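# Structure at a glance
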Amino acid sequence: MLVIGSDHGGLELKQAVQAALASRGMAFDDYGTSNSDSVDYPDFAEKVAGAISRGDAELGILICGTGIGMSITANKFPGVRAALATDEFMAQMAKEHNNANILVLGGRVLTVELAVKMVNIWLDTAYEGGRHQLRLDKIAKVEAAVLAGKS
């Protein structure tokens, strides 16, 4: 299951990404926002990242004006690897090397065409594992130490 959320700055791009997901036949849940009224991005990052962290969803997409605030918030959740991508290569590496479970996009910095390409690349890219898994294991170890108050 994929979940998607945005603030008002990412709403237009989110709608375009949703149309692209639907055209792929991909199911998703929309965690808001649903209009252009000003809202706070942490509220939507919390919904999407929380679903990933709890295991209620496997993948997520977050979109705000730049993607920066969503990335910062989402990466506070255990088990979340939210990657802000600004080009096709970053979208590919987010999955291939980092096994990012949330792709973060900036609605005010990306064109619809580029964002849709990036989402498709991220979804179609396989995690490479190998030496990259060793690094993800180290990240998980740091995360566990922080949660245990030992770092």
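Placed above this text is the structure.
Throughout what follows, the structure given in this document is the object of discussion. (Residues numbered from 1 in each chain as written. Predicted model: local features only at pLDDT ≥ 70, side-chain atom pairs only at ≥ 80, totals over all residues. Heavy atoms only, no water.)

### Structural notes on the overall build of the protein chain
- What the protein chain contains, in helices and strands, is six helices and five strands.
- If you list the helices and strands of the protein chain from N to C, you get β-α-β-α-β-α-β-α-β-α-α.
- Taking 151 residues into account, the globule formula puts the C-alpha radius of gyration at 15 Å, and the protein chain, at 15 Å, falls close to it.
- Each principal axis of the C-alpha atoms in the protein chain carries an extent, and together these give about 40 × 30 × 25 Å.
- When burial is assessed residue by residue, the protein chain has 44% of its 151 residues classed as buried.
- Once local pairs closer than 6 in sequence are excluded, the contacts in the protein chain between residues at least 24 apart make up 70%.
- Looking at charge distribution, the protein chain has the averaged site of its 14 positive side-chain charges lying 9 Å from that of its 18 negative ones. (Helix = DSSP H or I, 4+ residues; strand = E, 2+ residues; numbered from the N terminus. Rg over C-alpha atoms; globule rule 2.2 N^0.38 Å. Buried < 20%, exposed > 50% of the residue type's maximum accessible area, 1.4 Å probe, protein only. Contact = heavy atoms within 4.5 Å. Lys, Arg positive; Asp, Glu negative; His and termini not counted. Charge placed at Lys NZ, Arg CZ, Asp CG, Glu CD.)

### Describing the pairing of strand 5 (residues 102–106)
- Across the five residues that make up strand 5, a large majority, five, are buried.
- Residues I102, V104 and G106 of strand 5 are buried on one face, and the alternating residues L103 and L105, pointing to the opposite face, are buried as well.
- Taken together, the five bridges between strand 3 (residues 59–64) and strand 5 define a ladder with parallel strand orientation. Across the sheet, residue G60 finds its bridge partner in strand 5, namely I102.
- Across three bridges, strand 4 (residues 82–84) lies against strand 5 in parallel orientation. Within the sheet, the bridge partner assigned to A83 lies in strand 5 and is L103.
- Once the chain exits strand 4 it traverses helix 4 (residues 88–96) before rejoining the sheet at strand 5, and the crossover so formed is right-handed. (Pairing = 2+ DSSP bridges. Right-handed = clockwise from strand over helix to strand, strands pointing away.)

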